[in-house]
Amino acid sequence: MSFMHRVPAVGTAAIAFALSLSSSVSAADSSLADVCPNPIRMADTGIEGMGQLRDAFGPFSKEFRAVTGLELEMFSLSNRTAAGNALQFDDVELVFAGPSEFVLFNQRQPVDILFTIERPHYGSSFFVKDENPIKSLEDLEGKRIALKDAGSTSGHIIPSQMLVQAGLDLERDLNIIMAGDARIAALVNDDVVAMGGGNRDIEKIEALDPDGKYRVIAKSDRLPGDPIVMRGNLAEDCKTGLRETLAANSDRLWEALISTERNKDKFLNRDSYMAFDIQPADYDIVREAYANAGIDLN
């Protein structure tokens, strides 16, 4: 009895379906190549230098090519301004950005979202030493405080909004130090009485001062995640096809993304996940924070 005679009809149908599915995947890859630039160039506003980009996104680039049929080429940028210019002048197709950067980009030209990295614990907090009598943001009037970098969503824009909503004038009522990475040491060493930053900054505080005790005096709502921004003038078929293809292979892409040391520390250890249902309007909260804090979007 031959093998083909022993295969039930349903098995033959399954084989035919599998072949059909394989053909459709190949067709999808071909269609993306027809409507998308190839290679697709991607930058990250948080990384400078090609070596670091390759280290962070090498496995993701390979998986991106496997599921889309398109090369993902890394594009090195020096800062968020350069990233906005690169999008505006079609030097890149994708930018791995933060929420405030998305708002800034969208202010200059229409942009879309490919997917986002959602972090359940992403928000802003104000920290003080436990022995400090300060109980609320209102108590910070006349005090010296530290924030992160200018333009940082959780370390500058949202904390500034929180202070304004507490009735404080950022210039008249406070002595604000934009301390960047030194903000943790500034709080620990009593150079400031309070520090505004990301919710997870408590881990850095405890690492630097394991015997110290600290309190949170104010905390924001959860913030929208880090978007992978697409330049708005990409063909609609390209944008839709990319989003659908990546969403269908999100597990593979996520495993590739977090397989590098940099991304594992940034994303996996923060309970993050990929999301494909986030809309530009979800970032209105950040746009409103700029306005409420009196910070110029331009």
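Structure: above.
Residues numbered from 1 in each chain as written. Predicted model: local features only at pLDDT ≥ 70, side-chain atom pairs only at ≥ 80, totals over all residues. Heavy atoms only, no water.

**What about the sheet that holds strand E5 (residues 124–129)?**
A sheet is described by the order of its strands in space; here 5 strands give the open sequence E7-E6-E8-E5-E9, paired in mixed fashion. Across the chains shown, the open sheet's two edge strands, defined by having one partner strand only, are strand E7 (175–178) and strand E9 (214–219). When strand polarity is set aside, the average angle formed by the axes of neighbouring strands in this sheet is 30°. Sheet topology places E5 next to strand E8 (residues 194–198); 4 bridges connect them, and they run antiparallel. (Pairing = 2+ DSSP bridges. Helix = DSSP H or I, 4+ residues; strand = E, 2+ residues; numbered from the N terminus. Axes fitted to C-alpha atoms, helices over the stretch in contact; angles between N-to-C directions.)

**Structural notes on the packing of aromatic side chains**
Inspection of the entire model under this criterion finds 5 aromatic pairs. Aromatic side chains Phe 60 and Phe 115 sit 6.5 Å apart centroid to centroid with 55° between the ring planes, which places their arrangement in the tilted category. In this pair, Phe 60 sits in helix H3 (residues 50–68) while Phe 115 sits in strand E4 (residues 111–118), placing the two residues 55 residues apart along the sequence. Of the two residues, Phe 60 and Phe 115, both sit in the buried class. (Phe/Tyr/Trp six-rings, centres within 6.5 Å; stacked < 30°, edge-to-face > 60°. Buried < 20%, exposed > 50% of the residue type's maximum accessible area, 1.4 Å probe, protein only.)

**Some remarks on the pattern of salt bridges**
Counted by the stated rule, this structure contains 19 salt bridges. With a closest N to O distance of 3.1 Å, Lys 129 and Asp 190 form a salt bridge. Highlighted residues: Lys 129 in strand E5 and Asp 190 in the loop between helix H7 (183–188) and E8, separated in sequence by 61 residues. Residue class for Lys 129 comes out buried when judged on its relative accessible area of 12%. (Salt bridge = Lys/Arg side-chain N within 4 Å of Asp/Glu carboxyl O.)

**Topic: unusual backbone geometry**
A cis amide bond links Asn 38 to the next residue, Pro 39, at an omega of 10°. In this fold, Pro 39 is placed in the loop between helix H2 (9–35) and strand E1 (40–44). Of note in the backbone geometry, Asp 90 takes a positive phi value of approximately 60° without being a glycine. Relative to the helices and strands, Asp 90 is located in the loop between helix H4 (80–88) and strand E3 (94–96). Look at Asp 190: it is not a glycine, yet its phi comes out positive at around 65°.

**With respect to the state of the cysteines**
In a disulfide, the sulfur atoms of two cysteines are held together by a covalent bond. Applying the stated rule across the entire model yields 1 disulfide. For Cys 36, the disulfide goes to Cys 238, at an S-S distance of 2.0 Å. Taking the torsion about the sulfur-sulfur bond, which here is approximately 115°, the covalent link between Cys 36 and Cys 238 counts as right-handed. Remark: Cys 238 occurs in helix H9 (residues 236–248) and Cys 36 occurs in the loop between H2 and E1; sequence separation between them is 202 residues. (Disulfide = S-S within 2.5 Å.)

**Considerations on helix H12 (residues 284–292)**
Every buried residue of H12 is accounted for by Val 286, Ala 289 and Tyr 290. The buried residues of H12 occupy an angular sector of 100° when projected down its axis, which confines them to one face. On its buried side, H12 packs onto helix H5 (99–108) and helix H6 (153–165). Phi turns positive, to about 70°, at Gly 294, one or two residues after H12. (Arc of directions from axis to C-beta. Contact = heavy atoms within 4.5 Å.)

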